[in-house]
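# Descriptive analysis of the structure
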Amino acid sequence: MPRATQRPPLGPGSDTAEPEQLADPSGGWRPTVSGVALVVALLALIAVAVTTQRFLTLDNARAILASTAFVGITAIGATLVMIVGSAVSMAVSQTATVVAMMFLATQQLGLWTAVLIAVAAGVAITAAQGAIIGFWNSNPIVLTIAAGFAIGGIATWFSGGTPVYPQTQAFDLLNATPLGLSLAVYVLLGTAVLAQWVLSRTTAGRQMYLIGENRAAARAAGLPVGRVTTLAWAFFGACIALTGIFLASFNTSATVTLGGTLTLDAIAAVLVGGTAITGGRGSALRTLGGALLISTISDVLLLRGFPTGAQILTKGLLVLAVVVIVHVRTTRSWR
Amino acid sequence: MSGSATVGPLDADVWVEGLSRSFNGVAAVRDVSFAVGAGEIHALCGHNGAGKSTVVKLLSGQLAPDAGRIVLRGEAVDFRSRQAAQRSGVALVDQELSVIPALTVLENMLLGDIHVPFVNRRRWAAADCRRILDDMGLGHISPDQPLSALSIGERQLVEIAKALSQKARLVILDEPTATLSDVETEHVFSAIRRVAGLGCSVIFVSHRLSEVLALCDTVTVLRDGRSVATTPARDLTVDELIVQMLGAAPRRLTATRAWDPAHAPALRIEHLHVPGRLSDFTLTASAGRVYALAGQLGSGASDVLRALAGLHPKATGVVELHGRPLPFRDPVRVARAGLAFVSNDRKSEGLFLGTSVARNLVATRLPRLARAGVVQSRLERRTALALAEQSGLPEGRLDDDVLALSGGNQQKVFVGRCLGGGDVWALLLDEPTRGVDVGGRAEIHRLLREAADHGLVVIFASTELDELLELGDVIVTMRDGRVVNRYEGAVDEALLMRDMTHGVDAP
Amino acid sequence: GGNTAGPPAPSGGSTSLEGKTLALVGYGSANPWGAYFNKVFGEQLASTGIKINDMTTMDPGTQIQKFNQAVAQKPDLIVLAILDTQAMAVPIQKAKAAGVPVLVFDGPTDPSVANEVMSVLSDNEKLGEFAAQNIIEGLQAQGRTSGKIIVLTGTKSMLVTQDRMKGFAKVLATAPQYQVVEERDANWDPKLSGEIAQQLLAKYGRDGVQAAYGMADYMALPIIQAAKQAGIPVGGKDGLIVTGSNCFKAGIDSIKAGELYGTATEDPGTIAKQTADYVVRYLTGKNPPQSEIVQEERVTAATVDRFAEQCSHA
Amino acid sequence: MTSGRLSQPDRLLPAVSLVIVVAGFLCSPLVSGRPLESFDVYNALQGFAQLGLLALAIGLTMIAGEFDLSVVGTYALGGILAVEAGQSSPFLGVLVAVAAGAAIGAMQGGLIARLRIPSLPVTLATYIALLGLTYTMSGGLSTTYRNSDVTLWVDQTVADVFSPRSLLTLAAFLGAAVVLGFTKLGRELRAVGGDRRASRVAGVSVDRRLIGIFTVSGTLAALGGALLSYSYASANPDPGLQPLILAAVAALLGGVSLTGGRGAPLGLLAGTLSVALLAQIVAITALPDFSTQLLYACLLAVIVAIESPGLHQAVDRLRAGRAMTTRRWGSGVRTSGAAASAGQHPRRAAHPKEKEDDHDRGDDHRS
Ligand SMILES: Nc1ncnc2c1ncn2[C@@H]1O[C@H](COP(=O)(O)OP(=O)(O)OP(=O)(O)O)[C@@H](O)[C@H]1O
Ligand SMILES: Nc1ncnc2c1ncn2[C@@H]1O[C@H](COP(=O)(O)OP(=O)(O)OP(=O)(O)O)[C@@H](O)[C@H]1O
Ligand SMILES: O[C@@H]1[C@@H](O)[C@H](O)OC[C@H]1O
Ligand SMILES: [Mg+2]
Ligand SMILES: [Mg+2]
């Protein structure tokens, strides 16, 4: 096994996931029962992983990263929305689909124009929902279910259901693999770093935590609740749009069902990253860790020859375990 | 659990012996003992964090003791839950309002009462409820009204009425009157006396010491989790009680100083009106002075502040800050204009409890600590340190979550957040010392006085006469949503009381 | 009932079917295949004057409700594309009992009710066979004496999928040197197909897989994309041989670009035309055979030009 | 309880949506050109039966302030178990399904109540795991139910418009209505949903109620799946999210809110009937399929508008601002006169809604 000794440049998912999993939201690491459980679980995973044939190969690391990218990018955006207290969006896959359609339909205007249009559309659709939630204090789940119906219905109406084909192949540039990694992976890493910086260093990011922790207090204190919430959703929209663009490029055509199970996959990644669904705590890097962890586990199970059902089952149990570990520390209940 | 020979004070109905409880190794209650006789009204006093509520939680089945025992009518009990305590006849009014807005008044009264049958018997229950409400001075409220339609004070009264009507052996009331007006408090006291008269033991917790002495037979004082004294109330004065609580005599505030006329009018409020709550409130406030809005709950005092803070979207009127109109229906623009609001509820509408003290202190001024939208960490840290020092918070706790602070210190964080910097022009505080002990209260009063000295307009609303008199340079009394009188200087408790309870249209 | 005995208005030679109603309980327009079918089917019958009630959906539960509704409305014919084979058996029996004729298109019914309906079926077994032929041909052309194959199927619970796999396995058995190492349900989902392909290609490594079958072109293309991103060559002298088995425009383009080795027809336009034709024959009393099978064709680089037009509508 | 309560959203929403949809149903002949028949009602009720138990399950957890996303997973599992265990005896199949559903519900309820974990992540995780389980059990294939007697029986016409399946579903709603309406359970469930801490303090066995309601939810979902698989003669290992979303829409139209504390089984019944009738209207009038999506979007938009406290405040703010500009002069005098003439304590005289606004800190309905 010549390849097995060769360490991949970015390392397998679990390696990058590990330190982030442990980071405390406020920065410092405090040993807790749940933290210890997490370390043990991760060590176990690493043990299982490294004893799995072909796990420690460059190709495999690349595959893990690549299969994390689409869901990961959206999940990074979803993290901001969860932190700001809007829980989740149920309209993600519909939005990604519509963006993908627009992206392919505008290829003849040039790649970057098409990208711009697609991102603008994603931001507009999603930020509009964010504005309603932020300024009017609407329930995000009800609103996004409605938005999902509306977007899906309108997309079917206008496209008549036929796939959208690009008139030029300009998008193929986005399928490039510089240094052997697909472009989406770089975008994923870039998005994660950017999101983390926004959250921890910018005024808006810091206000997101405060608003998510206690919306009424934020409002009474005169924090710009509506504006900041809209901003978080706008960022989310840009992330969904990027995913849609990559999905479109990858598939070279777009149909109404392109988004697939993106909605729940993204939520799962954010939750495994330990972001609290009640808002106020979480981190983009940990979401990246969560997304990588899920891909890594799927990968290990796949390499070990487990069937699809077992993979899904394990993913579910993993999410459950992390949710229990993460939320056991807080007694705040979901309201 | 039971049976074993238990000997307590002969006539004791409730006997607590050697009760202890710690949280994460920190003792909240240590070796507390006292006894309450049948029909006795027994007060628990002590400053914030002394352990009163923890004792209450141990007695009412919300917490299990680490050591010690609770004996009810000669039988040792071991409550594993609220229900278990309730089965033994312990009724409770928790420190935090614990009624359900989503239910009707009647449903709230029935909730959790073990005497209420599993299958509903509505008509019978409604009649009972009607009578209980009338006794509590709530004749105007219908049992079928959703609780969400009631004011906070009325909700509190419903909760008290509920506890007193449960045919309990022991009723525990943890700061039941903190949100009540004096008239309402009188109703509560007579109701408490009535159940005590029927042989029920009562444990009463309050920071309003004169009210404690007026109502209770015996007072047990807790200090740092220990019971330091149990004394008949008739043998105590308020000052003596304070000495017991603090272990030393309290520091008195120096008299308010004369107003420096150099300070020009800063905040002009004209014809402020909130439909159904406040009519025609007019006040011109100058920098450097403390304005006190005196009024019971529902008097409109608190609505003045909420309206100014942008939290009453229906408010109308004209408000000017430094001669410029204040967009007072929008909390964001109000804050940007330099008005800081401290609500009367630091938990749900105040602090970010799961966030560190430092981040709470700078929460409202992040834009000013940022360059091009990026928060400057060093500047942030410096500001937090300065604010902590200014508000008398221990520097060592800057990185702790606010949740881990005592109530008094939490309130200091809340007030401290509004201080310092040239970015705040007016402080609006609603009950700035609610539930804060004597020491904490003096600290907060000092902070507010200093803020005024630094040239801020300070307006606060309070229901407590002491506080109004101690702190207010100008006192505006309010009732029924309208201003009754305005005092500068010569005023006394009796005058204030009369204005607040009878208003202008008094006979 | 809808059978108003109005005199058929004789109009310019073509048989007028004015007054006849037809319930189309087909695939919903959310499915691209269904969308194009519905369009062509409607166009074909527009001139006949038949009234078509749109009762299409992609949700199996809704389909049953709509089908039962269609039966109750007693149209002259129900045209049906089955989403859940089993679940549709009893409703079909009820339609039979109510005397409402049913014409099934695309995938077959449950065998228990096969005699209760008329059908215009795509030849799914053939489609699977073509896919296997493509792979064998491609690998042999590369001169390979052995080869490992991965398969991403449509929703496994659908008979369509099962039939394609049956045909695929049958033909592949004739070339035992080529073996399926992995067969996975990708649920007619392009995104899922891409993810699974990435993982499988990583699992077997650069040299571990020689051919791949994605059951529709929109599932085969993500495999190609995944291979390219993993640095695995596609097509050509020693690249991965990838085949689809029902054609879409993107697949045709890919064949022309030399990436997709081949596919097969099963294009919605052809079935739609044949189904529409069947409807007219039936309603004008021409007694068409109870079941017709659509002629499926294999598409490779050699034949792509012949099928390019036919396959370019979905 | 009194007529005044009709204005509360938990009564208003289901009443209005049912009235609108029934009116649409009655008008559908105008489009379809065919008079309504008893079959149309039967078929609508079949749609109701398909959705009903799921909607009841999710609705009851929503009243308790929780959101049980796993019901679709339990629904799928119930279907598969009923088919596998019920080939010879349908009752055994239902029993096995229901037992499994109850166990899954109890497990989740236990985690949520005892560890005080929010329900959305827990039930999402369980949903994914259950999907894996059904997939493993079925190999991803639909499993066939061969007992066609049962299949015919569950959907046979009873009294022209009902079937045993729709009657059973109806009975579940009525049963829930009786239990919650006539015992203290209803009150306690809403209390738990309204304010959990306060309920605990008041002496409600919050944990037991939560575990109970999740057990009921799992049971109902599994029963729904079992009945559906008997009706379809097959069980689908992955029904997708559509049933869940429709059930949630039914519950929301039924007047429950995602904040909890509000709603009743009869409201849920009306909401579920509304959704089923809407689908039936689309079927009768042969509207294109996507119009169903758009109709749901519109109905939900109404709910969003009603339940957005910030929207109402914005409207108030706008009105107050406009009032200021039109009555610049003397406004104070007039308004103060108005309040005084009420001759009552303004707090007491005020309309309840205004007080609610004031105390509504606007955070209590984060989801
Ligand atoms: N759940 C808890 N976890 C950790 N510490 C606690 C907890 N509850 C109370 N404490 C701590 O125990 C001590 C006693 O608190 P307690 O609430 O009994 O005080 P109190 O006398 O009621 O004060 P107050 O007058 O402010 O209500 C305080 O230091 C408090 O911070
Ligand atoms: N709610 C809580 N959760 C966790 N820990 C708590 C909580 N309340 C108090 N503690 C811990 O218990 C300790 C004692 O609490 P308390 O608030 O009584 O401190 P204190 O002695 O009154 O200090 P201070 O002088 O700051 O008021 C605190 O230092 C804190 O770490
Ligand atoms: O047979 C059809 C398949 O070819 C298409 O691609 O998707 C829907 C299927 O029913
Ligand atoms: Mg206390
Ligand atoms: Mg203290």
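Not measured: the values here are computed from a predicted model. (Residues numbered from 1 in each chain as written. Chains lettered and ligands numbered in written order. Predicted model: local features only at pLDDT ≥ 70, side-chain atom pairs only at ≥ 80, totals over all residues. Heavy atoms only, no water.)

### Remarks on the sheet that holds strand 20 (residues 457-462) of chain B
All names here are of chain B. So the rule is basically this: Pairs of strands are assigned from DSSP output, requiring at least two bridges between the strands. The numbering of helices and of strands both runs from the N terminus, where a helix is a DSSP run of H or I of at least 4 residues and a strand a run of E of at least 2. Where helices are involved, their axes are fitted lines through C-alpha atoms of the stretch in contact, as for all axes, and angles between N-to-C directions lie from 0 to 180°.
Taken together, the 6 strands give an open sheet; going across it, the order is 16-19-20-13-21-22, and neighbouring strands pair in mixed fashion. With one partner strand each, in any of the chains shown, strand 16 (339-342) and strand 22 (482-488) form the two edges of the open sheet. Along the sheet, successive strands turn relative to each other by an average axial angle of 15°, direction set aside. Bridging between strand 16 and strand 19 (residues 426-430) involves 4 bridges; their strand directions are parallel. When the bridges of strand 19 are listed, Val 342 appears paired with Leu 429.

### Quick look at the site of ligand 2
Residues and elements named next belong to chain B. The condition that has to hold: When at least one non-hydrogen atom of a residue lies within 4 Å of a molecule or strand, that residue is treated as near it. Whenever two N or O atoms come within 3.5 Å, that pair is a polar contact, provided that in protein one can donate a hydrogen and the other can accept it, and provided that, for residues adjacent in sequence, both atoms are side-chain atoms. Only Asp, Glu, Lys and Arg are considered charged in this grouping, and only Ala, Val, Leu, Ile, Met, Phe, Trp, Tyr, Cys and Pro are considered nonpolar; every other residue, Gly among them, is considered polar.
The immediate surroundings of ligand 2 are formed by Val 26, Arg 397, Leu 403, Ala 404, Leu 405, Ser 406 and Asn 409. Residue Arg 397 places a side-chain N or O atom 3.1 Å away from an oxygen atom belonging to ligand 2. The contact in question runs from an oxygen atom of ligand 2 to an N or O atom on the side chain of Asn 409, over 2.4 Å. The residue inventory of the shell around ligand 2, partitioned by class, reads 4 nonpolar, 2 polar and 1 charged.

### A look at the side chain of Asp185(C)
To be explicit about the condition: Categorising residues by exposure relies on relative accessible area from a 1.4 Å probe, with only protein chains included: less than 20% of the type maximum marks a residue as buried, more than 50% marks it as exposed, and the intermediate range marks it as partly exposed.
Mapped onto the elements, Asp185(C) comes out in strand 7 (residues 178-185). The buried category is assigned to Asp185(C), whose relative accessible area is 7%. Of note is the side chain of Asp185(C), whose polar atom sits 2.9 Å from the side chain of Tyr135(D).

### Section: the site of ligand 3
Residues and elements named next belong to chain C. We apply this condition: The Shrake-Rupley method, run with a 1.4 Å probe, gives the accessible areas here. Residue values count only the displayed protein chains as cover.
Residues in close proximity to ligand 3 include Tyr 27, Asn 31, Asp 106, Met 158, Val 160, Arg 164, Trp 188, Tyr 218, Asn 246 and Glu 266, which together make up its full environment. The contact in question runs from an oxygen atom of ligand 3 to an N or O atom on the side chain of Tyr 27, over 3.1 Å. Between Asp 106 and ligand 3, the recorded distance is 3.2 Å, taken from a side-chain N or O atom to an oxygen atom. When ligand 3 sits alone it has 270 Å² of accessible area, and the protein chains cover 99% of it. Partitioning the shell around ligand 3 into residue classes produces 5 nonpolar, 2 polar and 3 charged.

### A closer look at the state of the cysteines
As a reminder, the rule being used: Only a pair of cysteine sulfur atoms within 2.5 Å counts as a disulfide in this structure description.
Evaluation of the coordinates by the stated rule reveals 1 disulfide over all chains. Each disulfide pairs two cysteine sulfurs, and for Cys247(C) the partner residue is Cys311(C), the sulfurs being separated by 2.0 Å. Between Cys247(C) and Cys311(C), the S-S torsion sits near -75°, and that sign places the bridge as left-handed. Of this pair, Cys247(C) sits in the loop between strand 9 (241-243) and helix 8 (249-256) while Cys311(C) sits in the segment after helix 10 (304-308), and the two are 64 residues apart along the sequence. Side by side, Cys247(C) and Cys311(C) carry an identical accessibility label, which is buried. Cys200(B) supplies the cysteine sulfur nearest to Cys129(B), a cysteine that is in no disulfide, at a spacing of 19 Å.

### Here's the deal with the interface of chain A and chain D
What counts is decided by this rule: Every residue pair with non-hydrogen atoms within 4.5 Å of one another is taken to be in contact. The term buried area means the drop in 1.4 Å probe accessible area that two parts suffer when joined, counted for both and summed. Salt-bridge detection follows one rule: a side-chain nitrogen of Lys or Arg within 4 Å of a carboxyl oxygen of Asp or Glu.
With 55 residues of chain A in contact, the opposing surface of chain D contributes 58 residues. Between chain A and chain D, the buried area comes to about 4700 Å², and carbon and sulfur atoms account for 73% of it. Counting every contact that joins chain A to chain D gives 0 salt bridges. In this assembly, chain A and chain D are joined by 4 residue pairs in polar contact (both at pLDDT 80 or more). Contributions of two or more residues to the side of chain A that touches chain D are made by helix 5 (111-136), helix 6 (140-159), helix 8 (203-213), helix 9 (215-220), helix 11 (262-272) and helix 13 (308-327) of chain A.

### Examining the nonpolar core
Heads up, the condition is: Take the buried residues of types Ala, Val, Leu, Ile, Met, Phe, Trp, Tyr and Cys, join any two whose side-chain atoms come within 4.5 Å, and each joined set is a nonpolar core.
Membership of the largest hydrophobic core comes to 185 residues, with the highest contact counts inside it found for Phe103(A), Leu427(B), Phe41(C), Phe168(C) and Val279(C). No other element matches the 11 residues that helix 10 (residues 225-251) of chain A contributes to this core. With sequence-adjacent residues up to four places away left out, Val279(C) is seen in contact with Leu22(C), Phe41(C), Leu45(C), Ile50(C), Leu77(C), Val79(C) and Leu103(C). If you look at the next biggest cluster of nonpolar residues, it comprises 152 residues, including Ala78(A), Ile141(A), Ala283(D) and Leu300(D).

### A short note on the coordination of the magnesium ion (ligand 4)
Residues and elements named next belong to chain B. We count it as follows: Only N, O and S atoms count as donors, using a 2.8 Å cut-off from the metal and 3.2 Å for Na, K and Ca, and because water is excluded some sites may appear unfinished.
Protein-derived coordination of the magnesium ion (ligand 4) comes from Ser 53 (OG) and Gln 95 (OE1), at a distance range of 1.9 to 2.1 Å. Here Gln 95 lies in the loop between strand 6 (90-93) and helix 3 (105-110) and Ser 53 lies in helix 1 (residues 52-59), a separation of 42 residues in the sequence. Residue classification places Ser 53 among the buried positions, given a relative accessible area of 15%. Take Gln 95: its relative accessible area is 36%, and that puts it in the partly exposed class.

### A word on a nonpolar patch on the surface
We count it as follows: Patch membership is restricted to residues that have no salt bridge and whose relative accessible area is over 30%. Joining uses 9 Å for like charges and 5 Å for the nonpolar side chains Val, Leu, Ile, Met, Phe, Trp and Tyr.
A cluster of nonpolar side chains, namely Ile154(A), Trp157(A) and Phe158(A), defines an oily patch on the protein surface of about 380 Å² accessible area. For Trp157(A), the location among the structural elements is in helix 6.

### What about the packing of aromatic side chains?
Worth spelling out the cut-off: The criterion for an aromatic pair is that two Phe, Tyr or Trp rings (for Trp, the six-membered ring) have centres within 6.5 Å, with stacked assigned to planes under 30 degrees apart, edge-to-face to planes over 60 apart and tilted to the rest. The rule for a charge over a ring is simple: NZ of Lys or CZ of Arg within 6 Å of the ring centre, and within 35 degrees of the ring normal.
What the rule picks out here adds up to 16 aromatic pairs over all chains. A ring pair is formed by Phe70(A) and Phe250(A), whose centres lie 5.6 Å apart and whose planes are at 85°; its orientation type is edge-to-face. Taken as a pair, Phe70(A) in helix 3 (residues 58-83) and Phe250(A) in helix 10 lie far apart in primary sequence, 180 residues in all. With respect to class, Phe70(A) is no different from Phe250(A); both count as buried. The rings of Tyr27(C), Trp33(C), Phe37(C), Phe41(C) and Phe105(C) are connected pair by pair, giving a single aromatic cluster. If you follow Arg329(B) out to its NZ or CZ, it ends over the ring of Phe328(B), 5.1 Å from the centre. The aromatic ring of Tyr165(A) is capped on one face by Lys249(C), whose charged end is 5.3 Å from the ring centroid.

Read these as layout, nothing more, since geometry by itself doesn't imply function.
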